Amino acid sequence: QVQLVESGGGLVQAGGSLSLSCAASGSTFNISDMGWYRQAPGKQRELVAVVSSGGSTNYADSVKGRFTISRINAKTTVYLQMNNLKPEDTAVYYCKVTSRTWFVYWGQGTQVTVSS
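Rules of the game
- Residues numbered from 1 in each chain as written.
- Predicted model: local features only at pLDDT ≥ 70, side-chain atom pairs only at ≥ 80, totals over all residues.
- Heavy atoms only, no water.
- Disulfide = S-S within 2.5 Å.
- Helix = DSSP H or I, 4+ residues; strand = E, 2+ residues; numbered from the N terminus.
- Buried < 20%, exposed > 50% of the residue type's maximum accessible area, 1.4 Å probe, protein only.
- Contact = heavy atoms within 4.5 Å.
- Pairing = 2+ DSSP bridges.
- Axes fitted to C-alpha atoms, helices over the stretch in contact; angles between N-to-C directions.

Colleague: What is the right way to read the state of the cysteines from this model?
Modeller: Simply put, disulfide is the name for a covalent bond between the sulfur atoms of two cysteines. In this structure the tally under the stated criterion is one disulfide. Covalently, C22 is tied to C95 through a disulfide, its sulfur atoms 2.1 Å apart. Handedness of the C22-C95 disulfide follows from its S-S torsion of about -80°: it is left-handed. Here C95 lies in strand β9 (residues 91–99) and C22 lies in strand β3 (residues 18–26), a separation of 73 residues in the sequence. Neither residue differs from the other here; C22 and C95 are each classed as buried.

What follows is the structure, given as structure tokens:
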């Protein structure tokens, strides 16, 4: 089992920055990919960014050049630095962890609101 604790998020004006973090505990030796997803009201949950255990990253086209995902602390904490935020970035952001045995764990979600 893996437990995830998210922090960060909040309210910011357009053009501002926020940082999210997600700390994993438990069976962290088995973690493979770590990433962030978001879900806006009335929309499906979508990928924001993901980083593999080897450090490879993948971003949604909508956030490329503005968001940066990183992974440190023995690869059990993942961060999302969000710059130049836009109102369309408003959503609940979820941390997702995938184990090497393909179990999937989700964080509780944190609200990001960008005002225009």
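Text resumes after the structure shown.
Colleague: What's the story with the environment of Q13 in this structure? I'm lost.
Modeller: With respect to the secondary-structure elements, Q13 resides in strand β2 (residues 10–13). Looking at Q13, the relative accessible area reads 59%, which means it is exposed. Between the C-alpha atom of Q13 and that of V2, which follows or precedes it by 11 residues, the distance is 34 Å. Ignoring sequence-local partners within four residues, the contact set of Q13 consists of V114 and S115.

Colleague: Please explain the sheet that holds strand β1 (residues 2–8) as it appears in this structure.
Modeller: Paired through backbone hydrogen bonds, the strands of a sheet run either parallel or antiparallel to each other. Taken in spatial order, the four strands make up an open sheet running β1-β3-β8-β7, and their pairing is antiparallel. In this open sheet, the two edge strands, each paired with only one partner strand, are β1 and β7 (67–72). Across this sheet, the average inter-strand angle for adjacent strands is 15°, counted without regard to direction. Judged from the seven bridges that link them, β1 and β3 form a sheet pairing that is antiparallel. Its bridge partner being in β3, E6 is matched across the sheet by C22.

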